[in-house]
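Structural overview for review
Chain residues, written in single-letter form:
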Amino acid sequence: ERERQRSNARKNERIPLGLEVRTVSRGVEIVNVYGGSPASRAGLRAGMVITGVNGRSINSDSDIPTSGKRGDSFSLTIIGQSSKFVQFMDKDFEE
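Please read these numbers as outputs of a predicted model, since none were measured by experiment. (Residues numbered from 1 in each chain as written. Predicted model: local features only at pLDDT ≥ 70, side-chain atom pairs only at ≥ 80, totals over all residues. Heavy atoms only, no water.)

**A look at the overall build of the protein**
Convention followed: Going along the chain from the N terminus, every DSSP run of H or I of four or more residues is numbered as a helix, and every run of E of two or more is numbered as a strand. With a 1.4 Å probe rolled over the protein chains alone, any residue whose accessible area is under 20% of its type maximum counts as buried; one over 50% counts as exposed, and the rest are partly exposed. Any pair of residues with heavy atoms lying within 4.5 Å of one another is described as a contacting pair. Accessible areas in this description were obtained via Shrake-Rupley with a 1.4 Å probe; residue shielding takes into account the shown protein chains only.
When its secondary structure is counted, the protein shows 2 helices and 8 strands. Within the protein, the fraction of its 95 residues that count as buried is 33%. At a minimum sequence separation of 6, the contacts of the protein that also span at least 24 residues come to 45%. As presented, the protein carries roughly 5900 Å² of accessible surface, and 43% of it is formed by carbon and sulfur atoms.

**Notes on the pairing of strand 2 (residues 19–24)**
Put simply, the test is: The criterion for strand pairing is that DSSP finds at least two bridges linking the strands in question.
Where strand 2 and strand 3 (residues 27–33) come together, 6 bridges link them in antiparallel fashion. Looking across to strand 3, one finds that Val21 is bridged to Ile30. Count of turn residues in the strand 2/strand 3 antiparallel hairpin: 2 residues.

**A few points about the side chain of Glu29**
So the rule is basically this: Any pair of N or O atoms that falls within 3.5 Å is considered a polar contact. Within protein, one atom must be able to donate a hydrogen and the other to accept it, and sequence-neighbouring residues count only if both atoms are side-chain atoms.
Within the element layout of this structure, Glu29 appears in strand 3. Glu29 gets classed as buried once you look at its relative accessible area, which sits at 16%. Within the structure, the side chain of Glu29 is placed 2.6 Å from the side chain of Arg22, a separation counted as a polar contact.

**Here we look at the packing of aromatic side chains**
Rules: Two aromatic rings, drawn from Phe, Tyr or Trp (for Trp, its six-membered ring), form a pair once their centres lie within 6.5 Å of each other, and the interplanar angle then sorts them: stacked below 30 degrees, edge-to-face above 60, tilted otherwise.
The full count for this structure, using the stated rule, is 1 aromatic pair. Here Phe74 and Phe88 contribute two aromatic rings whose centre-to-centre distance is 6.3 Å and whose plane-to-plane angle is 45 degrees, an arrangement assigned as tilted. In this pair, Phe74 is assigned in strand 7 (residues 73–78) and Phe88 in the segment after strand 8 (84–87), connecting sequence segments 14 residues apart. With respect to class, Phe74 is no different from Phe88; both count as buried.

So, to be careful, I would describe these as geometric facts and stop short of saying anything about function.
This is the structure in structure tokens:
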């Protein structure tokens, strides 16, 4: 029973996306990406400008998910790039 409760708690745990952003006139610019984060694994880099999340246009940095639960995923539209797919994986939740 105790292990089942721990497992359920881990499933609901949220982890950070792993990037710092700022709103700019063209969208949301990535300022910093933390190594080993979901953002880093998705190939996001400082200087990229995000214009959409899951196919919807965004207006400010508050429109970007800042964390996720195990199994969550979303796509980001980046100026001059193909879309980037971000996924929160089991290894993000290791103790």
